[in-house]
Every structure is written in C-alpha cells, then in structure tokens.
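Analysis of the macromolecular model
Here's the letter readout for the chains.
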Amino acid sequence: MLRGEVSRLTNLVSALLEYGKPPSHDLPLGSLSDVLGHAIRACGPLAVSANVEIVTTGCIRELLLPMDRQRLQQVFQNLVDNAIRHSPSGGRVVIEVSAHESEAGVRCRVCDAGPGFPSDVLPRLFEPFFSRRRGGTGLGLAIVQRIVEQHGGQVSAANNPEGGAVMIVQLPRSQQSLNGETGGDPRGAAQDFDR
C-alpha cells in the first residue's frame, strides 16, 4: 500500500512539474510522422492487451513542424493511450492527418469507437484536476492543452456523429505562425482527457 501511494504521489508531482514547465523558444523542425510513430509504438502493448487496432490515414508525405519533439510525443501518446482505454475490444483507434499546401497548419484527429464524452464533461475536459477516471490526476488533458498551445496550436474534443470521441490537434507549419507573425486561423484541435 505504501509503495502504491508513493507511486501515486510521484506521478502527481511529475504531472504538476510538467504542467508548469515554461515554453521553449525557437523550436527546431521535427518530423510529425516520427512523433506519431513513437506514440503508436509506445501504446502498442496496451493496444494488444485491449485487442484494439491502431490505424493511421491521411497525409503520408513527410511533414516538418517546429516542435519540442519530446513534449509533442507526450501529447500524442496521451491521446492515443486514452483512445485505446475507451475503445471496446475489437475496436479501432484511427489517427487522421491532413495538411494542404493552402493551409498554414496540420490537423491530427485521434478517433476512438468508445462511448464518447458525456455532455456534462465536455466543457470541463481541460480543467486542471478534473477527472472522472478512478485514480486519475485530472492533469492529462490540461498538460496536453498547455503543450499544444505552447507550440502555437489548438486542441479540442468532440463526439463523432457515428459514435466515439475525437480529439483534434492543429499545429502551425512555420515558426512565424507559431510566433503569431503569420498564419491563418487554426480551427479544431485535440486534447488529452481523463474520462
């Protein structure tokens, strides 16, 4: 019991430190496909044990974005992990990536086949310490939102009309748009959540 409580407190302190970490400036270019690949591999054992398939669709070509690679990997690992945990056995988690030359950003959607978000939970998803998951800290999605915003992006959550939840992350494709000097109107975004 003592080991369990120490582990819980350690995780909470780590989450608080991550939430309060200051943003990085002059982010180097990094590969979005590498970041997504890392997240998928990290969540692979959980997907196998839950009998959930992870599928990627959309933009296949190499996409380079200004990023803190480690922190962005944390975003997508969190989103994929949550999607797996809320998908039924035999379900699929779909990661859709879209980017067009005419757009200033890249959009990533993480969709699951679970029950979706209760209507009373959606408005509070990104509140620090709000969680309906037993043992959850309520910091997962708050940290995801913080990291995405520090990358000049947006994150949002919704329910798919066909069923399941969708998290949308939109990120800028240039350092200038990250600094607010150029770039359009990023719409949509994804979040990490304790459901």
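Residues numbered from 1 in each chain as written. Predicted model: local features only at pLDDT ≥ 70, side-chain atom pairs only at ≥ 80, totals over all residues. Heavy atoms only, no water.

1. Side note on helix 4 (residues 140-150)
Counting buried positions over the 11 residues of helix 4 gives eight, a clear majority of the element. Within helix 4, the full set of buried residues consists of Gly 140, Leu 141, Ala 142, Ile 143, Val 144, Ile 147, Val 148 and Gln 150. Phi turns positive one or two residues past the end of helix 4, at Gly 152, with a value near 75°. (Buried < 20%, exposed > 50% of the residue type's maximum accessible area, 1.4 Å probe, protein only. Helix = DSSP H or I, 4+ residues; strand = E, 2+ residues; numbered from the N terminus.)

2. Quick notes on the pairing of strand 7 (residues 165-172)
Counting buried positions over the eight residues of strand 7 gives eight, a clear majority of the element. Here strand 7 shows no split at all, with Ala 165, Met 167, Val 169 and Leu 171 on one side and Val 166, Ile 168, Gln 170 and Pro 172 on the other all buried. Sheet topology places strand 5 (residues 105-111) next to strand 7; seven bridges connect them, and they run antiparallel. By the bridge assignment, Val 110 is partnered in strand 7 with Met 167. Note that strand 6 (residues 154-159) and strand 7 share six bridges and pair antiparallel. Across the sheet, the residue bridging to Ala 158 is Val 166, located in strand 7. (Pairing = 2+ DSSP bridges.)

3. Describing the nonpolar core
One finds Leu 32, Val 75, Phe 76, Leu 79, Val 106 and Val 169 to be the most contacted residues of the largest nonpolar core, which totals 41 residues. Contributing elements (two or more residues each) for this core: helix 2 (32-50), helix 3 (69-85), strand 4 (92-98), strand 5, helix 4, strand 6 and strand 7. Looking at which element gives the most residues to this core, the answer is helix 3, with seven residues. Not counting chain neighbours up to four residues away, the residues in contact with Leu 32 comprise Leu 63, Leu 65, Met 67, Phe 76, Val 97, Val 106 and Cys 108. (Core = buried A, V, L, I, M, F, W, Y, C linked by side-chain atoms within 4.5 Å. Contact = heavy atoms within 4.5 Å.)

4. As for the pairing of strand 4
Judged from the six bridges that link them, strand 2 (residues 53-58) and strand 4 form a sheet pairing that is parallel. Its bridge partner being in strand 4, Gly 58 is matched across the sheet by Val 97. Two elements, strand 4 and strand 5, share five bridges in a ladder whose sense is antiparallel. Within strand 5, the position partnered with Val 94 by the bridge is Cys 111.

5. As for the sheet that holds strand 4
Ordered by their spatial adjacency, five strands build an open sheet running 2-4-5-7-6, and the pairing between neighbours is mixed. Edge positions in the sheet fall to strand 2 and strand 6, since each has one partner strand and no second. With strand direction ignored, the average angle separating the axes of adjacent strands in the sheet is 15°. On top of the sheet, helix 2 reaches strand 2, strand 4 and strand 5; it is set at about 175° to strand 4, its chief contact. (Axes fitted to C-alpha atoms, helices over the stretch in contact; angles between N-to-C directions.)

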